[in-house]
Amino acid sequence: MAEIAKINITEKQLDLLLSGLRYVKSAEKLRVEDPTPEYVRTRTEKLEEIAALEETLNSSPRQQSAAQV
């Protein structure tokens with residue numbers, strides 16, 4: 001597996017990034033092409049990579065800010 005990079009982004013930026021991944025995933029699923037074995041393999045790999053990245057981003061620890069009283 002590749003090296004994991006730590007990035008500091010806000011919750012809003014994370015939501016935007018996840019939204020973009022959903023768009024990319026939808027675009028890949030809706031792409032029309034002859035279902036050759038090579039196409040099916042590469043499409044499946046792309047969708048698995050997107051799903052893995054989504055899972056990583058969704059399961060990453062979120063920094064919690066203290067409540068202001």
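To start, this report covers the structure provided alongside it. Each chain carries its own residue numbering, running from 1 in the written order of its sequence. Local features in this predicted model are restricted to residues of pLDDT 70 or higher, and side-chain atom pairs are both shown and tallied only at a pLDDT of 80 or more, whereas totals for entire chains, interfaces and linings draw on every residue. In computing side-chain properties, one takes all heavy atoms of the structure into account and sets aside hydrogens as well as water.

A separate point is the environment of Arg-31. With respect to the element layout, Arg-31 can be found in the loop between helix H1 (11-30) and helix H2 (37-59). For the pair Arg-31 and Arg-43, spaced 12 residues apart in the sequence, the C-alpha separation amounts to 9.4 Å. For Arg-31, the contacting residues outside a window of four places in its chain are Tyr-39 and Lys-46. A distance of 3.4 Å separates a polar atom in the side chain of Arg-31 from a polar atom in the side chain of Glu-28. Secondary structure elements are defined from DSSP: runs of H or I of at least 4 residues count as helices, runs of E of at least 2 residues count as strands, and each element is numbered from the N terminus. Should any heavy atoms of two residues lie within 4.5 Å, those residues are counted as being in contact. Pairs of N or O atoms are called polar contacts if they sit within 3.5 Å, as long as, within protein, a hydrogen donor faces a hydrogen acceptor (for residues adjacent in sequence, only side-chain-to-side-chain pairs).

On to the environment of Glu-28. As for its position among the elements, Glu-28 is in helix H1. Considering only alpha carbons, one finds Glu-28 and Leu-47, 19 residues apart in sequence, at a separation of 7.5 Å. Not counting the four nearest positions on each side in its chain, Glu-28 is found in contact with Tyr-39, Arg-43, Lys-46 and Leu-47.

With that settled, the discussion passes to the side chain of Glu-54. Within the secondary structure, Glu-54 is located in helix H2. Once residues within four sequence positions are removed from consideration, Glu-54 is found in contact with Leu-18, Leu-21, Arg-22 and Lys-25.

Note on definitions: angles span 0 to 180 degrees between N-to-C directions of axes, and those axes are lines fitted to C-alpha atoms, for helices only across the stretch in contact. At a minimum axis separation of 10 Å, H1 and H2 run at an interaxial angle of 165°. Between H1 and H2, the interaxial angle falls into the category roughly antiparallel. As for how H1 packs across H2, the hand of that crossing is left-handed. Between H1 and H2, the residues in contact are Leu-14, Leu-17, Leu-18, Leu-21, Arg-22, Val-24, Lys-25, Glu-28 and Lys-29 and Tyr-39, Arg-43, Lys-46, Leu-47, Ile-50, Leu-53, Glu-54, Leu-57 and Asn-58, respectively. Classifying every residue of the contact of H1 with H2 by side-chain character gives 10 nonpolar, 1 polar and 7 charged. Should an angle lie under 35 degrees it is considered roughly parallel, over 145 roughly antiparallel, and from 65 to 115 roughly perpendicular; all remaining angles are considered oblique. Each crossing gets its handedness from the near helix: less than a right angle anticlockwise from the far helix is left-handed, clockwise is right-handed. Residues are sorted three ways: Asp, Glu, Lys and Arg are charged, Ala, Val, Leu, Ile, Met, Phe, Trp, Tyr, Cys and Pro are nonpolar, and all the rest, Gly among them, are polar.

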